[in-house]
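What the coordinates show
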Amino acid sequence: MKLAIQPRRPDNSTQPVKSQTSQTGLSPVLERLQQLHRTHAPIHDGKVATYIPELAKADPDTFGICLVTASGHIYEVGDSQTPFTIQSISKPFVYGLALEDNTRPDVLQKVGVEPSGDVFNAISLEPGTGRPRNPMINAGAIATTGLIAGKSLRTRQRRMLEMFSLHAGRELAIDDAVYRSESETGHRNRAIGHMLRNFDILTEDPTPVVELYFKQCAVSVTCRDLGIMAATLANGGKNPVTGKQAIRGEYVESVLSVMASSGMYDFAGEWIYRVGMPAKSGVSGGVIAVLPGQFGVGVFSPRLDEHGNSVRGIRVCNDLSRVFNLHLFNTAHLGQSPIRLKFNGAQVNSSRVRTPAEAALLHHHGHCIQTRQLQGNLVFSTAEAVVHDVMEILEATDFLVLDLKHVPAIDESACRLFAELLTRFDSLEKRIIFTHLAHLPRLARYLKTRFGANFEKHFRKFDDSHLALEWCENQLMHSLSPAWQTVRSATIENYELFAGLSQKELATVASVLQRKRYRQGETIVQAGDDATELFLLANGLVSVTVAMNNHTHRRIATFSAGMVFGEMALIDQAPRSAHVSADTDVACDLLSMADFNQLGETNPRIKIVMLQNLALGLCQKLRKTNREISVFDS
Ligand code: GLN
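Residues numbered from 1 in each chain as written. Predicted model: local features only at pLDDT ≥ 70, side-chain atom pairs only at ≥ 80, totals over all residues. Heavy atoms only, no water.

A word on helix 6 (residues 176-185)
When we look at burial in helix 6, the residues that qualify are V178, Y179, S181, E182 and S183. Its side-chain oxygen at 3.1 Å from the backbone nitrogen of A177, D175 defines the N-terminal cap of helix 6. (Buried < 20%, exposed > 50% of the residue type's maximum accessible area, 1.4 Å probe, protein only. Helix = DSSP H or I, 4+ residues; strand = E, 2+ residues; numbered from the N terminus. Polar contact = N/O pair within 3.5 Å; in protein donor to acceptor, adjacent residues only side chain to side chain.)

Written as structure tokens, this is what we have:
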């Protein structure tokens, strides 16, 4: 096994939001996006828009995808940083600005929210009022642009650009060539502007408003920008990368609603039915889709279908939704972090009691054993959070224990991400260990189907998280020193309790020890019994268990040869507090309390050395408990 024990890294290092890869490999989420990119790149259907001459210059093969989670993780593939103009994708964002600048009733008075089913540049106004049906068709969008507050055109333009920049998390600018090209050819939009003026929807000269509309369409963005802008809407209006509020939360729902009902022109009904996410497309080939509370995605590919939507954009969103179960009406709302506890093997150890040398090894190298105790339902976004967390520590991790005890359910997409994570660990000769996999039969079945009959070769599973940890610790110690193995038998010179005694003193003590044997499974100490002796383990393994409140028993310690147990009673004379039984056939040397006290009379030095050793052992136990408290109570 290859080990990644250098360099040492603190477990809870909070690193700045990083991009998609660690040095050791690709995130499974990114890999999935790459797969989508590969699948759809060979599609050359559709045509680049030419009615704005400058748009006709776009390279039809450009293709980028960028998914940004509501917690700010960015996954991008292909031409995700190629600039293009935002076009109609500007409309929902300007609608948000109009809502902020005016009140909702005032905006609704000027622009409706009914899907029109018309093409984007239809001159369709509500009969009678002249009110455009919704803000996503040009008539509604031009009316919305007219609602941006500001005395001068310059101010309005500045405010509009600031709003876009806040959503994207960087300063955006207008592509002048595209703006001029559209202005020179935008007669139909001018006609719409004049119609709106005629009905008093626009209450001022329509010409500058239409020019500002052309400019908003000509804002230059990349696919990455679109992903972040969409994620800002997914995150209640707060840009998840910069942490800045781009639009007041109360208006996000209105923006997403009009996207859901009218965002894809005359394809909107079909879209929400199939893909089930609010979305918006533009004639330059961009598409954004938003899964509220979870993530936003931006796709760019200039070839358009007959509705004016990017062909590949639609297919990518469609596949994403299907593969990850993203339909808006198919997801439960999730609030809680899926990681209940995280710790490494230097902070928390298994209940196997270690020799001082073993404990030192684990203390120095245990950080390559990582445990994640998960909680709540695992769906794409919660599984992504786990995968993301794990990818961050991948390099420095050799063993990952995923504790599923508190996970009530898992969906197909989360199973897939975990399976992909497993493959990644496998290929790097790192190990994933599941505990309580039996809780999630769906995951067990999925792994079985995915990895075939020998599926358990790809990961380990335990019903008890301590056994899982113990296995990892043992593997680690084997790799660090191949000759290492559990001490199976000890002679009197090896007893920890007697460290520091001379040969003569050892002989004195030996004369009062009494050898006793126990069969595997036999009870050695019963909780509640009076304590009359301590036990020195000569052969085999014993386990200490305590009764829990729920009437189950929990193993709290396992001792191996050379160690002492039952010693506390010698100090406080209280009844036994736990149950001890033999894990294997066992031989013990018993030292009775009477003999111990007697030794104090005849050989006080022996008693002092033994008390010192006992105190040292108790110190070590207390320190272990303190370390664990700092993890469990944080
Ligand atoms: N600027 C374009 C227009 O109004 C935007 C249209 C679009 O992206 N659908 O014609």
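Notes on unusual backbone geometry
Although it is not a glycine, N325 sits at a positive phi angle of roughly 60°. Residue position: N325 is located in the loop between helix 12 (311-323) and strand 11 (339-344). The phi torsion at H436 lies on the positive side, around 60°, for a residue other than glycine. Relative to the assigned elements, H436 resides in the loop between strand 14 (431-435) and helix 16 (441-451). H436 gets classed as buried once you look at its relative accessible area, which sits at 13%.

Notes on a nonpolar patch on the surface
Where nonpolar side chains cluster on the molecular surface, the patch consists of I123, M195 and F199 and spans about 220 Å² of accessible area. By the secondary structure assignment, F199 is in the loop between helix 7 (187-198) and helix 8 (206-217). Taking relative accessible area as the criterion, F199 reaches 33% and is therefore assigned partly exposed. (Patch = residues over 30% accessible without salt bridge, like charges linked within 9 Å, V, L, I, M, F, W, Y side chains within 5 Å. Areas by Shrake-Rupley, 256 points an atom, 1.4 Å probe, with all protein chains shown as cover. Salt bridge = Lys/Arg side-chain N within 4 Å of Asp/Glu carboxyl O.)

A short note on the pattern of salt bridges
One pass over the full model with this rule turns up 31 salt bridges. Taking the shortest distance from any N to any O, the salt bridge between R248 and E250 comes out at 3.2 Å. Its relative accessible area of 40% is what places R248 among the partly exposed residues. The partner of D398 in a salt bridge is K430, with the nearest N and O atoms 4.0 Å apart. In this pair, D398 is assigned in the loop between helix 14 (380-392) and strand 13 (399-406) and K430 in the loop between helix 15 (412-427) and strand 14, connecting sequence segments 32 residues apart. A single burial state applies to D398 and to K430, both of which are buried. Here the residues in one salt-bridge network are K342, R372 and D389, joined through shared partners.

Description of helix 4 (residues 138-145)
Burial analysis of helix 4 places eight of its eight residues in the buried class, which makes it a mostly covered element. If you check which residues of helix 4 are buried, you get N138, A139, G140, A141, I142, A143, T144 and T145. Lining the buried residues of helix 4 we find helix 2 (90-101), helix 7 and helix 8. (Contact = heavy atoms within 4.5 Å.)

Some points on the site of the ligand
Around the ligand, the neighbouring residues are Y51, Q87, S88, F120, N138, E182, N189, Y213, C217, Y265, G282 and V283. Residue S88 places a side-chain N or O atom 2.7 Å away from an oxygen atom belonging to the ligand. E182 is positioned with one of its side-chain polar atoms (N or O) 2.5 Å from a nitrogen atom of the ligand. Within the complex, 99% of the 300 Å² of free accessible area of the ligand lies under protein. Considered class by class, the residues forming the shell around the ligand number six nonpolar, five polar and one charged. (Near = heavy atom within 4 Å. Nonpolar A, V, L, I, M, F, W, Y, C, P; charged D, E, K, R; others polar.)

Things to note about the packing of helix 1 (residues 28-40) against helix 12
Packing of helix 1 against helix 12 leaves a shortest axis separation of 10 Å and a crossing angle of 140°. Classed by the angle they form, the pair helix 1 and helix 12 counts as oblique. Considering only the axes of helix 1 and helix 12, their crossing is right-handed. Along the contact surface, helix 1 presents R32, L33, L36 and H40, while helix 12 presents R312, R315, V316, D319, L320 and V323. Looking at the contact of helix 1 with helix 12, its residues break down into five nonpolar, one polar and four charged. (Axes fitted to C-alpha atoms, helices over the stretch in contact; angles between N-to-C directions. Parallel < 35°, antiparallel > 145°, perpendicular 65-115°, else oblique. Left-handed = near helix turned anticlockwise from the far one by under 90°.)

A look at the side chain of R312
Within the fold, R312 resides in helix 12. At 2.8 Å, the side chain of R312 forms a polar contact with the backbone oxygen of A41. Leaving out residues up to four positions away in the same chain, R312 has contacts with H40, A41, I43, H44, P60, D61, T62, F63, S301 and R303.

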